[in-house]
Amino acid sequence: MSTTRTILICSGKGGVGKTTTTANLGISLARSGASTVVLDADFGLRNLDLLLGLENRIVYTAQEVLAETCRLEQALVKHKQEPNLSLLPAGNPRMLEWLTPKDMQAIVALLEERFDYVLIDCPAGIEDGFKNAAAAAREALVITTPEVAAVRDADRVIGLLNTQGISPVQLVLNRVRPKMMSSQEMLSVDDVTDILALPLLGLVFEDEQVIVSTNRGEPLTLSDGGSPAARAYSNIAGRLQGEDIPLMDPAKLRRGLRAKMRELMQTKIF
Amino acid sequence: MTLQDLIDKVLGRQTASADTARQRLQLVLAHDRSDLNPELLEQMRKEILEVVSRYVEIDLSETDVSLETEDRVTALVANLPIRRTL
Ligand SMILES: Nc1ncnc2c1ncn2[C@@H]1O[C@H](COP(=O)(O)OP(=O)(O)OP(=O)(O)O)[C@@H](O)[C@H]1O
Ligand SMILES: [Mg+2]
């Protein structure tokens, strides 16, 4: 049995940060020395190549590998600055039909022979695209934001992951706005983890730098330290590898009198 | 209840939207998870009442049948107060 960690990165709802998480975790894990591949299972609308700055280097996809028109090494796109990381698009945007759960299992089996981590960037939704992407996953990260629609969709996905026996399933809470949380105009971290009943692997603040890094095609975790989201993603990668890194507390970010007042107002009186 | 809740209540202010969000989510997820819509639930409520009424007299104004969910376990909770006959 392989010791490779094959992790599905999914959410149900679209646009909550699956691809951003996949790209940043991929870089982080690779930086720590783990050989890592990110598999773009959202190949109909592929984005992962753009976020990683690899969009001009894709020649083949998993499709050609399975059809044996190229070797796996030819299809893997190595990241220049982070050679421990490779990208493999699952398919070609023009061919939406070919991928089946069996194909997915076949390609992942090949990847598991040579990588420590296989991260699968899942398409939005819970239909065939999701089911194919999930077919070969052993564990999963569910990405959600503290918003009702995203949490509801995450719940659906968690139900599906449970029935497929994928475990562990851990939660990443993205686009957290500490200010809104402390004024109780956004679901709190506890609200979301209680409702979904999943262990929280990490939370990522709303951060403009995410957009800047997308523009450049350079994930935030490619450079040291930096913005809150960069730290959040490298912490998540650390926890994934078993490091004991405390979670950030959104409330701690807001000190001073106003924060103290707010705390006072939130103390339970009966 | 928190101090903030109390002040809001006294001043008649709207509750914070996070509270509303949490309550709405809990309800909708209970339904999603059990695949029961409000209509089916109502039908089930009627049938349960019918069966139980054959054995005991129930206070119809006080009955409550609802879904509650905690830790991914959803329960059907029926509260059917029995009328005192003596
Ligand atoms: N923490 C964050 N702070 C600010 N912007 C963010 C953050 N996370 C994601 N975004 C932005 O949200 C958008 C959606 O992100 P992303 O493409 O990663 O989501 P996705 O779940 O992969 O979407 P899709 O379902 O379309 O595949 C992007 O524009 C991204 O820059
Ligand atoms: Mg995406």
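Everything below is about the structure printed above this text.
Residues numbered from 1 in each chain as written. Chains lettered and ligands numbered in written order. Predicted model: local features only at pLDDT ≥ 70, side-chain atom pairs only at ≥ 80, totals over all residues. Heavy atoms only, no water.

### Some words on the nonpolar core
All names here are of chain A. Put simply, the rule reads: Here, the term nonpolar core denotes a set of buried Ala, Val, Leu, Ile, Met, Phe, Trp, Tyr and Cys residues that are joined through side-chain atoms within 4.5 Å. Three exposure classes are used, based on accessible area relative to the maximum for each residue type with a 1.4 Å probe and protein chains only: buried under 20%, partly exposed in between, and exposed over 50%. Numbering of helices and strands runs from the N terminus, with a helix taken as a DSSP run of H or I at least four residues long and a strand as a DSSP run of E at least two residues long. A contact between two residues is defined here by any heavy atoms of the two lying within 4.5 Å.
Formed by 54 residues in total, the largest nonpolar core has its most connected members in L8, L39, L88, L111, I120, V142 and L161. Residue contributions to this core peak at 5 residues, all from helix α7 (residues 148-163). Apart from the residues lying within four places of it in its own chain, the contact partners of L88 are V37, V38, L39, D40, T61, A62, L72, A75, L76, I107 and L111. With 36 residues, the next largest nonpolar core counts V38, L52, I143 and V172 among its residues.

### Observations regarding unusual backbone geometry
All names here are of chain A. In this structure, the amide linkage connecting S167 to the following residue, P168, adopts the cis form with an omega of 0°. Looking at the secondary structure, you find P168 in the loop between α7 and β7 (169-176). Unusually for a residue other than glycine, E68 sits at a positive phi of about 60°. Among the secondary structure elements, E68 is positioned in the loop between α3 (62-66) and α4 (72-75). Under the relative-accessibility criterion, E68 is labelled exposed at 70%. We note that Q184 has phi near 55°; this positive angle belongs to a residue other than glycine. Take Q184: it is sitting in the loop between α8 (178-182) and α9 (189-196).

### Description of the packing of α7 of chain A against α9 of chain A
All names here are of chain A. Operational definition: Every angle, taken between N-to-C directions, lies between 0 and 180 degrees, and every axis is a line fitted to C-alpha atoms, over only the stretch in contact when it is a helix. Each angle is binned into one of four classes, with values under 35 degrees roughly parallel, values over 145 roughly antiparallel, values of 65 to 115 roughly perpendicular, and all other values oblique. In this scheme, a crossing is called left-handed if the near helix is turned counterclockwise away from the far one by less than a right angle; it is called right-handed if the turn is clockwise. Here the term charged refers only to Asp, Glu, Lys and Arg, the term nonpolar to Ala, Val, Leu, Ile, Met, Phe, Trp, Tyr, Cys and Pro, and the term polar to all other amino acids, Gly among them.
With their axes 10 Å apart at the nearest point, α7 and α9 run at an angle of 30° to one another. The orientation of α7 relative to α9 falls into the category roughly parallel. For the pair α7 and α9, the sense of crossing is right-handed. Residues V151, A154, D155 and I158 of α7 pack against V192, I195 and L196 of α9. Considering only residue class, the contact of α7 with α9 consists of 6 nonpolar, no polar and 1 charged.

### Regarding the interface of chain B and chain A
Worth spelling out the cut-off: Buried area adds together the accessible area that both of two parts lose upon being put together, with accessible area traced by a 1.4 Å probe. One side-chain nitrogen of Lys or Arg within 4 Å of one carboxyl oxygen of Asp or Glu is enough to make a salt bridge. Think of a polar contact as two N or O atoms within 3.5 Å of one another; within protein, one of them needs to be a possible hydrogen donor and the other a possible acceptor, and neighboring residues in sequence only count if both atoms come from side chains.
Facing the 20 residues of chain B at the interface are 24 residues of chain A. For the chain B and chain A pair, buried surface summed over both sides reaches about 2,000 Å², with 59% attributable to carbon and sulfur atoms. Applying the counting criterion to the chain B and chain A interface returns 3 salt bridges. In this structure, the salt-bridge partner of D155 of chain A is R33 of chain B, at a minimum N-O distance of 2.5 Å. If you look at where chain B meets chain A, you find 6 residue pairs in polar contact (both at pLDDT 80 or more). Of all the secondary-structure elements, those providing two or more residues to the side of chain B that touches chain A are α1 (3-11) and α2 (17-34) of chain B.

Worth remembering: the numbers are spatial, not functional.
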